[in-house]
Amino acid sequence: MTDTPTPSPAQPALRQQVYDSSKRSHPSIEELTELVRFWELVIQWTRRNIKLRYKRSILGVVWTLLEPLMLMTILTVVFSTAFRFPTRDYPFPLFILSGLLLFDFFNRSTLQIVEETVASLGLASRIYVPRSVFAVATVLTYLVSWGIALIPLLGIMLVLRQPLSWAILTIPFGMLLTGLFALGVGLLVATLGAFFHDVKLTYQVLLTGWLYATPIIYPLEIVPPQFQKYFLLNPLLHLVALVREPIILARVAPLENWLAALGFSLAALALGWWVFTTQRNVFDYRS
Amino acid sequence: MTTAADTVPVGSTGDRQAVAAAIELTDIAVRFSMPTERIVSFKEYVLKRLSGKLEHRELWALRSLDLEVQPGEIVGVVGRNGAGKSTLLKVISRVLRPTRGRVVIRGQVAPLLELGAGFHFDLTGRENVFLNAALVGYPSRVVQEHLSEVIAFSELEEFIDLPIRNYSSGMLARLGFAVATMFRPDILLIDELLAVGDVGFQEKCLKRIHDFRSRGTAILLVSHQLDSISEHCDRALWIERGALKAEGPTDDVLQRYSEGFAES
(Lines give C-alpha, C1' and ligand atoms only; values in the text may rest on other atoms or scores of the structure.)
Protein backbone atom coordinates (compact mmCIF):
# COMPACT_ATOMS: atom_id res chain seq x y z
CA MET A 1 0.00 0.00 0.00
CA THR A 2 1.00 3.62 -0.17
CA ASP A 3 3.32 5.00 2.44
CA THR A 4 0.91 7.70 3.47
CA PRO A 5 -2.06 5.96 4.97
CA THR A 6 -4.86 8.32 5.77
CA PRO A 7 -4.53 8.85 9.49
CA SER A 8 -7.86 8.01 10.99
CA PRO A 9 -9.39 11.02 12.63
CA ALA A 10 -9.91 11.27 16.32
CA GLN A 11 -13.24 9.94 17.40
CA PRO A 12 -16.04 12.42 17.20
CA ALA A 13 -17.01 13.74 20.59
CA LEU A 14 -20.34 12.08 20.81
CA ARG A 15 -20.39 9.56 23.56
CA GLN A 16 -20.17 9.83 27.26
CA GLN A 17 -16.55 9.98 28.12
CA VAL A 18 -16.24 8.36 31.50
CA TYR A 19 -17.88 5.13 32.52
CA ASP A 20 -17.68 4.43 36.21
CA SER A 21 -19.36 1.26 37.37
CA SER A 22 -19.62 2.61 40.92
CA LYS A 23 -21.73 5.55 39.81
CA ARG A 24 -24.65 3.71 38.39
CA SER A 25 -28.18 4.88 38.71
CA HIS A 26 -31.16 2.56 38.96
CA PRO A 27 -31.06 0.11 36.02
CA SER A 28 -34.38 1.40 34.68
CA ILE A 29 -33.11 4.98 34.59
CA GLU A 30 -29.73 3.92 33.27
CA GLU A 31 -31.26 1.97 30.40
CA LEU A 32 -33.36 5.00 29.49
CA THR A 33 -30.38 7.36 29.32
CA GLU A 34 -28.44 4.74 27.38
CA LEU A 35 -31.32 4.38 24.94
CA VAL A 36 -31.27 8.11 24.33
CA ARG A 37 -27.50 8.00 23.85
CA PHE A 38 -27.92 5.21 21.30
CA TRP A 39 -30.88 6.80 19.52
CA GLU A 40 -28.91 6.89 16.29
CA LEU A 41 -28.65 3.12 16.44
CA VAL A 42 -32.40 2.80 17.00
CA ILE A 43 -32.98 4.70 13.75
CA GLN A 44 -30.35 2.72 11.87
CA TRP A 45 -31.72 -0.57 13.16
CA THR A 46 -35.25 0.41 12.16
CA ARG A 47 -34.08 1.25 8.66
CA ARG A 48 -32.26 -2.05 8.52
CA ASN A 49 -35.41 -3.95 9.49
CA ILE A 50 -37.47 -2.17 6.86
CA LYS A 51 -34.85 -2.69 4.16
CA LEU A 52 -34.59 -6.37 5.00
CA ARG A 53 -38.34 -6.91 4.85
CA TYR A 54 -38.50 -5.47 1.39
CA LYS A 55 -35.37 -7.13 0.14
CA ARG A 56 -36.69 -10.53 0.98
CA SER A 57 -40.00 -10.33 -0.82
CA ILE A 58 -40.37 -9.86 -4.54
CA LEU A 59 -43.39 -7.65 -4.22
CA GLY A 60 -41.78 -5.54 -1.52
CA VAL A 61 -43.78 -2.48 -0.60
CA VAL A 62 -46.59 -3.60 -2.88
CA TRP A 63 -47.14 -6.53 -0.57
CA THR A 64 -47.63 -4.26 2.43
CA LEU A 65 -50.31 -2.46 0.45
CA LEU A 66 -51.91 -5.62 -0.92
CA GLU A 67 -52.00 -7.67 2.25
CA PRO A 68 -54.57 -5.59 4.14
CA LEU A 69 -56.73 -5.36 1.03
CA MET A 70 -56.80 -9.11 0.61
CA LEU A 71 -57.40 -9.63 4.31
CA MET A 72 -60.25 -7.17 4.26
CA THR A 73 -61.87 -8.78 1.29
CA ILE A 74 -61.87 -12.18 2.95
CA LEU A 75 -63.12 -10.94 6.28
CA THR A 76 -65.76 -8.72 4.79
CA VAL A 77 -67.11 -11.59 2.77
CA VAL A 78 -67.08 -13.90 5.77
CA PHE A 79 -68.54 -11.53 8.29
CA SER A 80 -70.99 -9.65 6.18
CA THR A 81 -72.50 -12.77 4.66
CA ALA A 82 -72.10 -15.45 7.31
CA PHE A 83 -72.49 -13.53 10.54
CA ARG A 84 -74.14 -10.25 9.66
CA PHE A 85 -73.47 -8.15 12.67
CA PRO A 86 -75.79 -5.18 12.81
CA THR A 87 -73.57 -2.23 12.09
CA ARG A 88 -74.86 1.26 12.39
CA ASP A 89 -74.26 3.86 9.78
CA TYR A 90 -70.76 2.97 8.71
CA PRO A 91 -69.29 0.56 6.18
CA PHE A 92 -68.50 -2.78 7.77
CA PRO A 93 -65.26 -3.33 5.76
CA LEU A 94 -63.72 -0.17 7.17
CA PHE A 95 -64.84 -1.15 10.65
CA ILE A 96 -63.08 -4.51 10.43
CA LEU A 97 -60.01 -3.33 8.63
CA SER A 98 -59.23 -0.41 10.92
CA GLY A 99 -59.38 -2.70 13.95
CA LEU A 100 -57.50 -5.55 12.34
CA LEU A 101 -54.63 -3.36 11.23
CA LEU A 102 -54.17 -2.28 14.82
CA PHE A 103 -54.35 -5.78 16.18
CA ASP A 104 -52.02 -7.04 13.50
CA PHE A 105 -49.50 -4.38 14.50
CA PHE A 106 -49.79 -5.32 18.16
CA ASN A 107 -49.58 -9.02 17.45
CA ARG A 108 -46.54 -8.84 15.19
CA SER A 109 -44.56 -6.23 17.07
CA THR A 110 -44.87 -7.91 20.47
CA LEU A 111 -43.91 -11.32 19.08
CA GLN A 112 -41.06 -9.80 17.14
CA ILE A 113 -39.74 -8.07 20.27
CA VAL A 114 -39.35 -11.50 21.82
CA GLU A 115 -37.53 -12.73 18.70
CA GLU A 116 -35.26 -9.72 18.53
CA THR A 117 -34.42 -9.85 22.22
CA VAL A 118 -33.38 -13.47 21.94
CA ALA A 119 -31.47 -12.77 18.73
CA SER A 120 -29.70 -9.79 20.24
CA LEU A 121 -28.39 -11.84 23.16
CA GLY A 122 -25.59 -13.06 20.93
CA LEU A 123 -24.71 -9.61 19.71
CA ALA A 124 -25.00 -8.01 23.13
CA SER A 125 -22.66 -10.61 24.62
CA ARG A 126 -19.97 -9.46 22.23
CA ILE A 127 -20.31 -5.71 22.06
CA TYR A 128 -21.93 -3.28 24.43
CA VAL A 129 -25.37 -2.15 23.30
CA PRO A 130 -28.36 -1.27 25.46
CA ARG A 131 -30.77 -4.12 24.85
CA SER A 132 -33.88 -1.99 24.66
CA VAL A 133 -32.60 -0.59 21.34
CA PHE A 134 -33.82 -3.65 19.47
CA ALA A 135 -37.26 -3.65 21.06
CA VAL A 136 -37.82 0.02 20.33
CA ALA A 137 -36.58 -0.39 16.76
CA THR A 138 -39.00 -3.29 16.31
CA VAL A 139 -41.95 -1.17 17.36
CA LEU A 140 -40.83 1.65 15.06
CA THR A 141 -40.47 -0.78 12.17
CA TYR A 142 -44.01 -2.05 12.53
CA LEU A 143 -45.36 1.45 13.06
CA VAL A 144 -43.94 2.34 9.67
CA SER A 145 -45.57 -0.73 8.06
CA TRP A 146 -48.84 0.16 9.70
CA GLY A 147 -48.56 3.69 8.38
CA ILE A 148 -48.02 2.32 4.89
CA ALA A 149 -50.99 -0.01 5.27
CA LEU A 150 -53.20 2.99 6.03
CA ILE A 151 -52.71 4.21 2.47
CA PRO A 152 -54.92 1.52 0.88
CA LEU A 153 -57.34 2.06 3.73
CA LEU A 154 -57.67 5.71 2.75
CA GLY A 155 -58.19 4.54 -0.83
CA ILE A 156 -61.05 2.31 0.29
CA MET A 157 -62.55 5.22 2.21
CA LEU A 158 -62.59 7.24 -1.00
CA VAL A 159 -64.09 4.39 -2.99
CA LEU A 160 -66.82 3.86 -0.40
CA ARG A 161 -67.41 7.62 -0.31
CA GLN A 162 -66.71 7.65 3.41
CA PRO A 163 -66.59 11.25 4.64
CA LEU A 164 -63.03 12.39 5.39
CA SER A 165 -62.58 14.73 8.30
CA TRP A 166 -59.74 16.42 10.08
CA ALA A 167 -60.24 13.82 12.80
CA ILE A 168 -58.00 11.43 10.86
CA LEU A 169 -55.08 13.61 11.91
CA THR A 170 -55.46 12.16 15.43
CA ILE A 171 -54.79 8.65 14.12
CA PRO A 172 -50.98 8.92 14.46
CA PHE A 173 -51.38 9.74 18.15
CA GLY A 174 -53.52 6.65 18.61
CA MET A 175 -50.89 4.64 16.80
CA LEU A 176 -48.17 6.08 18.99
CA LEU A 177 -50.02 5.06 22.16
CA THR A 178 -50.54 1.60 20.70
CA GLY A 179 -46.80 1.50 20.03
CA LEU A 180 -46.02 2.33 23.66
CA PHE A 181 -48.45 -0.32 24.84
CA ALA A 182 -46.94 -2.91 22.49
CA LEU A 183 -43.45 -2.00 23.69
CA GLY A 184 -44.47 -2.51 27.31
CA VAL A 185 -46.16 -5.86 26.69
CA GLY A 186 -43.35 -6.97 24.35
CA LEU A 187 -40.64 -6.22 26.91
CA LEU A 188 -42.55 -8.09 29.57
CA VAL A 189 -43.01 -11.21 27.45
CA ALA A 190 -39.47 -10.95 26.10
CA THR A 191 -37.92 -10.98 29.56
CA LEU A 192 -39.46 -14.34 30.32
CA GLY A 193 -39.45 -15.54 26.73
CA ALA A 194 -35.70 -15.11 26.47
CA PHE A 195 -35.29 -17.99 28.89
CA PHE A 196 -38.22 -20.21 28.34
CA HIS A 197 -39.49 -21.48 25.07
CA ASP A 198 -43.02 -22.12 26.32
CA VAL A 199 -43.60 -18.50 27.29
CA LYS A 200 -43.79 -17.42 23.68
CA LEU A 201 -46.08 -20.30 22.76
CA THR A 202 -48.40 -19.49 25.63
CA TYR A 203 -48.40 -15.84 24.65
CA GLN A 204 -49.33 -16.75 21.08
CA VAL A 205 -52.37 -18.63 22.33
CA LEU A 206 -53.28 -15.69 24.56
CA LEU A 207 -53.05 -13.39 21.55
CA THR A 208 -55.63 -15.41 19.68
CA GLY A 209 -57.95 -15.19 22.66
CA TRP A 210 -57.23 -11.49 22.95
CA LEU A 211 -58.25 -10.92 19.34
CA TYR A 212 -61.67 -12.47 19.94
CA ALA A 213 -62.08 -10.71 23.28
CA THR A 214 -61.65 -7.35 21.62
CA PRO A 215 -64.47 -5.82 19.57
CA ILE A 216 -62.53 -5.94 16.33
CA ILE A 217 -64.49 -8.24 14.07
CA TYR A 218 -67.75 -7.56 15.91
CA PRO A 219 -69.14 -4.35 17.40
CA LEU A 220 -69.27 -3.91 21.16
CA GLU A 221 -73.04 -3.50 20.91
CA ILE A 222 -73.61 -7.20 20.28
CA VAL A 223 -72.10 -7.99 23.69
CA PRO A 224 -74.85 -8.33 26.34
CA PRO A 225 -74.97 -5.04 28.29
CA GLN A 226 -74.15 -6.64 31.64
CA PHE A 227 -70.78 -7.84 30.26
CA GLN A 228 -69.82 -4.69 28.46
CA LYS A 229 -68.15 -3.14 31.50
CA TYR A 230 -65.63 -5.96 31.59
CA PHE A 231 -64.79 -5.34 27.97
CA LEU A 232 -63.84 -1.81 28.91
CA LEU A 233 -60.95 -3.21 30.96
CA ASN A 234 -59.30 -4.31 27.75
CA PRO A 235 -56.64 -1.75 26.77
CA LEU A 236 -56.91 -2.71 23.12
CA LEU A 237 -60.58 -1.72 23.04
CA HIS A 238 -59.67 1.87 23.80
CA LEU A 239 -56.69 1.90 21.48
CA VAL A 240 -58.84 0.54 18.66
CA ALA A 241 -61.38 3.30 19.27
CA LEU A 242 -58.71 5.99 18.89
CA VAL A 243 -57.79 4.79 15.44
CA ARG A 244 -61.17 3.55 14.30
CA GLU A 245 -63.55 6.37 15.12
CA PRO A 246 -61.88 8.95 12.87
CA ILE A 247 -62.12 6.45 10.01
CA ILE A 248 -65.65 5.12 10.36
CA LEU A 249 -67.41 7.97 12.13
CA ALA A 250 -65.31 10.91 10.93
CA ARG A 251 -64.83 12.12 14.49
CA VAL A 252 -62.17 12.14 17.17
CA ALA A 253 -62.56 9.31 19.70
CA PRO A 254 -64.23 10.28 22.99
CA LEU A 255 -62.03 11.60 25.77
CA GLU A 256 -62.68 8.52 27.95
CA ASN A 257 -61.01 6.35 25.32
CA TRP A 258 -58.01 8.68 25.12
CA LEU A 259 -57.56 8.77 28.87
CA ALA A 260 -57.98 5.02 29.28
CA ALA A 261 -55.60 4.33 26.39
CA LEU A 262 -53.02 6.70 27.80
CA GLY A 263 -53.28 5.18 31.27
CA PHE A 264 -53.06 1.58 30.08
CA SER A 265 -50.19 2.30 27.70
CA LEU A 266 -48.06 4.13 30.23
CA ALA A 267 -48.76 1.52 32.90
CA ALA A 268 -47.82 -1.33 30.55
CA LEU A 269 -44.71 0.49 29.42
CA ALA A 270 -43.60 1.26 32.97
CA LEU A 271 -44.13 -2.35 34.06
CA GLY A 272 -42.47 -3.85 30.98
CA TRP A 273 -39.54 -1.45 31.19
CA TRP A 274 -39.02 -2.11 34.87
CA VAL A 275 -39.09 -5.89 34.51
CA PHE A 276 -36.89 -5.86 31.42
CA THR A 277 -34.25 -3.58 32.91
CA THR A 278 -34.09 -4.99 36.40
CA GLN A 279 -33.84 -8.57 35.17
CA ARG A 280 -31.25 -7.87 32.55
CA ASN A 281 -28.19 -9.02 34.41
CA VAL A 282 -29.85 -12.37 34.26
CA PHE A 283 -29.60 -12.15 30.48
CA ASP A 284 -25.83 -11.83 30.77
CA TYR A 285 -25.35 -14.95 32.76
CA ARG A 286 -27.75 -17.05 30.78
CA SER A 287 -25.99 -20.33 30.18
CA MET B 1 -11.42 8.15 43.60
CA THR B 2 -8.47 9.98 42.10
CA THR B 3 -5.84 7.37 42.68
CA ALA B 4 -5.21 7.00 38.98
CA ALA B 5 -5.11 10.69 38.29
CA ASP B 6 -2.33 11.12 40.81
CA THR B 7 0.06 8.70 39.20
CA VAL B 8 2.13 9.82 36.28
CA PRO B 9 1.09 8.10 33.10
CA VAL B 10 3.83 5.92 31.74
CA GLY B 11 3.23 6.26 28.08
CA SER B 12 2.29 9.88 27.79
CA THR B 13 4.38 12.35 25.87
CA GLY B 14 6.21 15.12 27.63
CA ASP B 15 4.00 18.03 26.77
CA ARG B 16 0.94 16.40 28.22
CA GLN B 17 -0.11 16.94 31.78
CA ALA B 18 -0.73 14.07 34.12
CA VAL B 19 -3.62 12.24 32.50
CA ALA B 20 -6.01 9.94 34.25
CA ALA B 21 -5.69 6.26 33.44
CA ALA B 22 -7.75 5.12 30.49
CA ILE B 23 -8.67 1.86 32.17
CA GLU B 24 -8.89 1.52 35.90
CA LEU B 25 -10.08 -1.70 37.47
CA THR B 26 -10.22 -2.07 41.22
CA ASP B 27 -10.79 -5.42 42.88
CA ILE B 28 -12.86 -6.77 40.02
CA ALA B 29 -14.68 -10.04 40.43
CA VAL B 30 -17.12 -11.66 38.06
CA ARG B 31 -19.29 -14.55 39.09
CA PHE B 32 -21.31 -16.63 36.72
CA SER B 33 -24.21 -18.42 38.20
CA MET B 34 -25.50 -21.16 36.03
CA PRO B 35 -28.23 -23.69 36.64
CA THR B 36 -26.69 -27.12 36.95
CA GLU B 37 -29.15 -28.45 34.41
CA ARG B 38 -30.59 -26.65 31.47
CA ILE B 39 -34.15 -25.52 32.04
CA VAL B 40 -35.98 -24.66 28.88
CA SER B 41 -39.58 -24.25 29.90
CA PHE B 42 -41.22 -21.86 32.26
CA LYS B 43 -43.39 -24.68 33.63
CA GLU B 44 -40.29 -26.67 34.52
CA TYR B 45 -38.71 -23.61 36.13
CA VAL B 46 -41.72 -22.93 38.32
CA LEU B 47 -42.00 -26.57 39.35
CA LYS B 48 -38.30 -26.84 40.18
CA ARG B 49 -38.37 -23.57 42.04
CA LEU B 50 -41.38 -24.55 44.11
CA SER B 51 -39.91 -27.92 45.00
CA GLY B 52 -36.57 -26.32 45.82
CA LYS B 53 -34.71 -28.35 43.24
CA LEU B 54 -33.28 -25.38 41.42
CA GLU B 55 -29.54 -25.60 41.85
CA HIS B 56 -26.95 -23.19 40.62
CA ARG B 57 -23.31 -23.73 40.03
CA GLU B 58 -21.14 -20.75 40.78
CA LEU B 59 -18.11 -19.97 38.77
CA TRP B 60 -15.75 -17.11 39.45
CA ALA B 61 -14.34 -16.04 36.11
CA LEU B 62 -12.42 -13.24 37.75
CA ARG B 63 -11.60 -13.21 41.45
CA SER B 64 -9.87 -10.05 42.43
CA LEU B 65 -8.20 -8.13 39.71
CA ASP B 66 -6.65 -4.69 39.71
CA LEU B 67 -5.45 -3.12 36.53
CA GLU B 68 -4.53 0.29 35.28
CA VAL B 69 -3.72 1.13 31.69
CA GLN B 70 -2.49 4.58 30.77
CA PRO B 71 -3.18 6.38 27.53
CA GLY B 72 -0.59 5.45 24.92
CA GLU B 73 0.34 2.17 26.57
CA ILE B 74 0.12 -1.28 25.04
CA VAL B 75 -0.43 -3.96 27.63
CA GLY B 76 -0.31 -7.63 26.76
CA VAL B 77 -2.41 -10.22 28.54
CA VAL B 78 -1.44 -13.87 28.65
CA GLY B 79 -2.99 -16.84 30.39
CA ARG B 80 -4.29 -20.28 29.70
CA ASN B 81 -7.66 -20.96 28.20
CA GLY B 82 -10.34 -20.22 30.75
CA ALA B 83 -8.06 -18.05 32.86
CA GLY B 84 -10.43 -15.10 32.54
CA LYS B 85 -8.89 -13.13 29.68
CA SER B 86 -12.07 -12.83 27.65
CA THR B 87 -14.10 -11.99 30.73
CA LEU B 88 -11.62 -9.21 31.44
CA LEU B 89 -12.13 -7.78 27.97
CA LYS B 90 -15.89 -8.03 28.37
CA VAL B 91 -15.77 -6.16 31.65
CA ILE B 92 -13.77 -3.38 30.04
CA SER B 93 -16.02 -3.19 27.00
CA ARG B 94 -19.04 -3.00 29.35
CA VAL B 95 -20.60 -6.17 28.03
CA LEU B 96 -20.38 -7.70 31.49
CA ARG B 97 -20.91 -5.91 34.74
CA PRO B 98 -18.58 -6.99 37.47
CA THR B 99 -20.16 -8.76 40.42
CA ARG B 100 -17.83 -6.83 42.67
CA GLY B 101 -15.35 -4.04 42.29
CA ARG B 102 -15.15 -0.88 40.30
CA VAL B 103 -14.51 -0.21 36.64
CA VAL B 104 -13.61 3.23 35.37
CA ILE B 105 -13.24 3.66 31.65
CA ARG B 106 -12.23 7.05 30.33
CA GLY B 107 -13.22 7.50 26.73
CA GLN B 108 -14.48 5.51 23.81
CA VAL B 109 -13.74 1.80 23.70
CA ALA B 110 -13.29 0.04 20.37
CA PRO B 111 -13.35 -3.71 20.78
CA LEU B 112 -11.56 -5.49 17.96
CA LEU B 113 -12.87 -8.72 19.34
CA GLU B 114 -15.61 -9.56 16.96
CA LEU B 115 -15.03 -7.87 13.67
CA GLY B 116 -18.30 -7.37 11.93
CA ALA B 117 -20.53 -8.33 14.82
CA GLY B 118 -23.96 -7.28 13.64
CA PHE B 119 -23.18 -7.54 9.94
CA HIS B 120 -26.19 -8.66 7.97
CA PHE B 121 -25.51 -10.77 4.93
CA ASP B 122 -28.41 -9.48 2.85
CA LEU B 123 -27.24 -5.89 3.13
CA THR B 124 -24.54 -4.31 1.03
CA GLY B 125 -21.09 -3.47 2.29
CA ARG B 126 -22.01 0.20 2.38
CA GLU B 127 -25.19 -0.41 4.38
CA ASN B 128 -23.28 -2.58 6.80
CA VAL B 129 -20.71 0.16 7.36
CA PHE B 130 -23.44 2.48 8.61
CA LEU B 131 -25.06 -0.21 10.69
CA ASN B 132 -21.83 -1.38 12.26
CA ALA B 133 -20.71 2.17 12.96
CA ALA B 134 -24.05 2.86 14.65
CA LEU B 135 -23.58 -0.22 16.84
CA VAL B 136 -20.30 1.21 18.04
CA GLY B 137 -22.01 4.57 18.47
CA TYR B 138 -20.97 6.77 15.57
CA PRO B 139 -23.66 9.02 14.10
CA SER B 140 -24.39 8.44 10.42
CA ARG B 141 -23.62 12.06 9.58
CA VAL B 142 -20.03 11.62 10.73
CA VAL B 143 -19.80 8.20 9.12
CA GLN B 144 -20.92 9.69 5.83
CA GLU B 145 -18.08 12.20 5.96
CA HIS B 146 -15.49 9.48 6.42
CA LEU B 147 -17.10 6.80 4.29
CA SER B 148 -14.68 7.08 1.39
CA GLU B 149 -11.72 6.61 3.75
CA VAL B 150 -13.29 3.51 5.23
CA ILE B 151 -13.94 2.04 1.80
CA ALA B 152 -10.45 2.92 0.61
CA PHE B 153 -8.87 1.35 3.68
CA SER B 154 -10.82 -1.87 3.26
CA GLU B 155 -9.82 -1.99 -0.44
CA LEU B 156 -13.37 -2.96 -1.33
CA GLU B 157 -14.24 -0.12 -3.70
CA GLU B 158 -15.59 -2.40 -6.41
CA PHE B 159 -17.65 -4.54 -4.07
CA ILE B 160 -19.04 -2.06 -1.60
CA ASP B 161 -22.52 -2.03 -3.14
CA LEU B 162 -22.85 -5.80 -3.26
CA PRO B 163 -24.57 -7.78 -0.51
CA ILE B 164 -21.85 -9.03 1.77
CA ARG B 165 -23.03 -12.61 1.39
CA ASN B 166 -20.86 -12.52 -1.73
CA TYR B 167 -17.76 -11.48 0.21
CA SER B 168 -14.94 -13.81 1.13
CA SER B 169 -14.02 -14.11 4.79
CA GLY B 170 -10.96 -11.96 4.16
CA MET B 171 -13.10 -9.24 2.64
CA LEU B 172 -15.48 -9.35 5.60
CA ALA B 173 -12.62 -9.05 8.04
CA ARG B 174 -11.16 -6.14 6.11
CA LEU B 175 -14.46 -4.32 6.13
CA GLY B 176 -14.92 -5.10 9.82
CA PHE B 177 -11.50 -3.78 10.70
CA ALA B 178 -11.96 -0.66 8.61
CA VAL B 179 -15.25 0.20 10.34
CA ALA B 180 -14.05 -0.64 13.82
CA THR B 181 -11.00 1.58 13.45
CA MET B 182 -12.68 4.36 11.51
CA PHE B 183 -11.94 6.78 14.33
CA ARG B 184 -9.17 6.77 16.86
CA PRO B 185 -10.63 5.29 20.04
CA ASP B 186 -9.29 6.06 23.51
CA ILE B 187 -9.14 2.38 24.29
CA LEU B 188 -8.57 -0.47 21.89
CA LEU B 189 -9.18 -4.07 22.91
CA ILE B 190 -7.61 -6.73 20.74
CA ASP B 191 -8.20 -10.44 21.09
CA GLU B 192 -5.40 -12.06 19.07
CA LEU B 193 -3.68 -9.83 16.54
CA LEU B 194 -5.81 -10.17 13.53
CA ALA B 195 -4.85 -12.35 10.72
CA VAL B 196 -6.81 -10.12 8.41
CA GLY B 197 -6.30 -10.42 4.71
CA ASP B 198 -2.91 -10.63 3.07
CA VAL B 199 0.43 -9.55 4.50
CA GLY B 200 0.12 -6.09 3.00
CA PHE B 201 -3.20 -5.53 4.70
CA GLN B 202 -1.93 -6.88 8.02
CA GLU B 203 0.90 -4.38 7.85
CA LYS B 204 -1.61 -1.64 7.26
CA CYS B 205 -3.62 -2.71 10.30
CA LEU B 206 -0.58 -2.80 12.52
CA LYS B 207 0.44 0.60 11.28
CA ARG B 208 -2.94 1.97 12.16
CA ILE B 209 -2.83 0.41 15.61
CA HIS B 210 0.57 1.92 16.30
CA ASP B 211 -0.60 5.24 14.95
CA PHE B 212 -3.46 5.17 17.45
CA ARG B 213 -1.10 4.31 20.22
CA SER B 214 1.32 7.13 19.46
CA ARG B 215 -1.62 9.49 19.61
CA GLY B 216 -2.68 8.32 23.04
CA THR B 217 -4.86 5.23 22.65
CA ALA B 218 -4.53 2.71 25.44
CA ILE B 219 -4.33 -0.78 24.02
CA LEU B 220 -4.95 -4.14 25.63
CA LEU B 221 -3.74 -7.09 23.59
CA VAL B 222 -4.80 -10.59 24.53
CA SER B 223 -2.92 -13.29 22.74
CA HIS B 224 -1.60 -16.80 22.89
CA GLN B 225 1.16 -15.83 20.50
CA LEU B 226 3.89 -14.79 22.86
CA ASP B 227 6.06 -13.31 20.10
CA SER B 228 3.41 -10.82 19.13
CA ILE B 229 3.03 -9.80 22.78
CA SER B 230 6.75 -9.32 23.23
CA GLU B 231 6.97 -7.48 19.94
CA HIS B 232 4.26 -4.94 20.63
CA CYS B 233 3.74 -4.58 24.35
CA ASP B 234 5.34 -2.31 26.93
CA ARG B 235 4.06 -4.34 29.80
CA ALA B 236 2.33 -7.66 30.30
CA LEU B 237 -0.07 -9.35 32.66
CA TRP B 238 -0.37 -13.00 33.37
CA ILE B 239 -3.80 -14.06 34.49
CA GLU B 240 -4.30 -17.41 36.14
CA ARG B 241 -7.66 -18.67 37.35
CA GLY B 242 -9.24 -15.27 37.44
CA ALA B 243 -6.48 -13.49 39.33
CA LEU B 244 -3.28 -11.72 38.50
CA LYS B 245 -0.33 -14.07 38.67
CA ALA B 246 2.36 -11.72 37.44
CA GLU B 247 2.69 -8.25 36.10
CA GLY B 248 5.63 -6.25 34.84
CA PRO B 249 8.00 -5.76 31.92
CA THR B 250 6.87 -7.90 29.02
CA ASP B 251 9.84 -10.22 28.76
CA ASP B 252 9.97 -11.00 32.49
CA VAL B 253 6.30 -11.90 32.58
CA LEU B 254 6.51 -13.95 29.42
CA GLN B 255 9.48 -15.84 30.74
CA ARG B 256 7.75 -16.68 34.00
CA TYR B 257 4.66 -17.65 32.06
CA SER B 258 6.59 -20.05 29.81
CA GLU B 259 8.36 -21.53 32.81
CA GLY B 260 5.08 -21.92 34.61
CA PHE B 261 3.80 -23.80 31.64
CA ALA B 262 6.85 -26.04 31.53
CA GLU B 263 6.43 -26.97 35.20
CA SER B 264 2.82 -28.05 35.07
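See the structure shown above.
About the thresholds
- Within any chain, residue numbers begin from 1 and follow the written order of that chain's sequence.
- Chain A is the first chain written and ligand 1 is the first ligand written, with later ones labelled in order.
- Note on the predicted model: pLDDT of at least 70 is required for a residue's local features to be given, and 80 or more for side-chain atom pairs to be given and counted; whole-chain, interface and lining totals, by contrast, use all residues.
- As a rule here, side-chain values come from all non-hydrogen atoms in the structure, and water together with hydrogens is ignored.
- A run of DSSP states H or I qualifies as a helix once it reaches four residues; a run of E qualifies as a strand once it reaches two. Both are numbered from the N-terminal end.
- Multiplying 1.5 Å by the residue count of a helix minus one yields the expected span of that helix.
- Residue burial is assigned from relative accessible area. The probe radius is 1.4 Å, only protein chains are included, and a residue is buried under 20% of its type maximum, exposed over 50%, and partly exposed in between.
- By definition, a salt bridge exists where a carboxyl oxygen of Asp or Glu is found within 4 Å of a side-chain nitrogen of Lys or Arg.
- Working definition: a ring pair exists when centres of Phe, Tyr or Trp rings (six-membered ring for Trp) sit within 6.5 Å. Plane angles under 30 degrees give stacked, over 60 give edge-to-face, the rest tilted.
- Geometrically, a charge over a ring is one whose NZ (Lys) or CZ (Arg) sits within 6 Å of the ring centre while staying within 35 degrees of the ring normal.
- What makes two residues a contact is simply this: any of their non-hydrogen atoms within 4.5 Å.

**With respect to helix α5 (residues 132–159) of chain A**
All names here are of chain A.
And then number 1: Compared with the 40 Å implied by 1.5 Å per residue over 28 residues, the 41 Å span of α5 between its first and last C-alpha is a close match.
And then number 2: α5 sits mainly inside the fold: 20 of its 28 residues count as buried.
And then number 3: R161 lies just past α5 and shows a positive phi near 55°.

**A look at the pattern of salt bridges**
And then number 1: Summed over the entire model, instances satisfying the criterion amount to 19 salt bridges over all chains.
And then number 2: The closest approach of N and O atoms between D20 of chain A and R102 of chain B, which form a salt bridge, is 2.5 Å. With D20 of chain A in strand β1 (residues 18–20) and R102 of chain B in strand β4 (residues 100–106), this residue pair bridges two chains. R102 of chain B matches D20 of chain A in its accessibility class, with the two residues each being buried.
And then number 3: Between R94 of chain B and E34 of chain A there is a salt bridge whose closest N-O contact spans 3.6 Å. Remark: E34 of chain A occurs in helix α1 (residues 27–37) and R94 of chain B occurs in the loop between α3 (85–92) and β4; the pair is interchain, linking two chains. Each member of the pair, R94 of chain B together with E34 of chain A, is buried.
And then number 4: Here the salt bridges do not stand alone but share partners, grouping E34 and R37 of chain A together with R94 of chain B into one network.

**Side note on the packing of aromatic side chains**
Residues and elements named next belong to chain B.
And then number 1: Following the criterion strictly, the structure yields 13 aromatic pairs over all chains and no others.
And then number 2: Where Y138 meets F183, the ring centres are 4.5 Å apart and the plane angle is 75°; that geometry is what we call edge-to-face. Linking Y138 in the loop between α4 (125–136) and α5 (140–154) with F183 in the loop between α6 (169–180) and β6 (187–191), this pair joins segments that are 45 residues apart in sequence.
And then number 3: According to the relative accessible area criterion, F183 is buried, its value standing at 0%.
And then number 4: Between F177 and F201 the ring centres are 6.4 Å apart and the planes differ by 80°, which places this aromatic pair in the edge-to-face class. Of this pair, F177 sits in helix α6 while F201 sits in helix α7 (residues 199–214); the two residues are 24 residues apart in sequence, bridging distant segments of the chain.
And then number 5: The ring of F201 has R174 sitting right over it, with the charged end atom 5.9 Å from the ring centre.

**A short note on the environment of L143 of chain A**
Residue and element names in this part refer to chain A.
And then number 1: Its location among the elements puts L143 in helix α5.
And then number 2: Separated by 29 residues in the primary sequence, L143 and P172 place their C-alpha atoms 9.5 Å from one another.
And then number 3: When sequence neighbours within four positions are dropped, the list of residues in contact with L143 reads F105 and M175.

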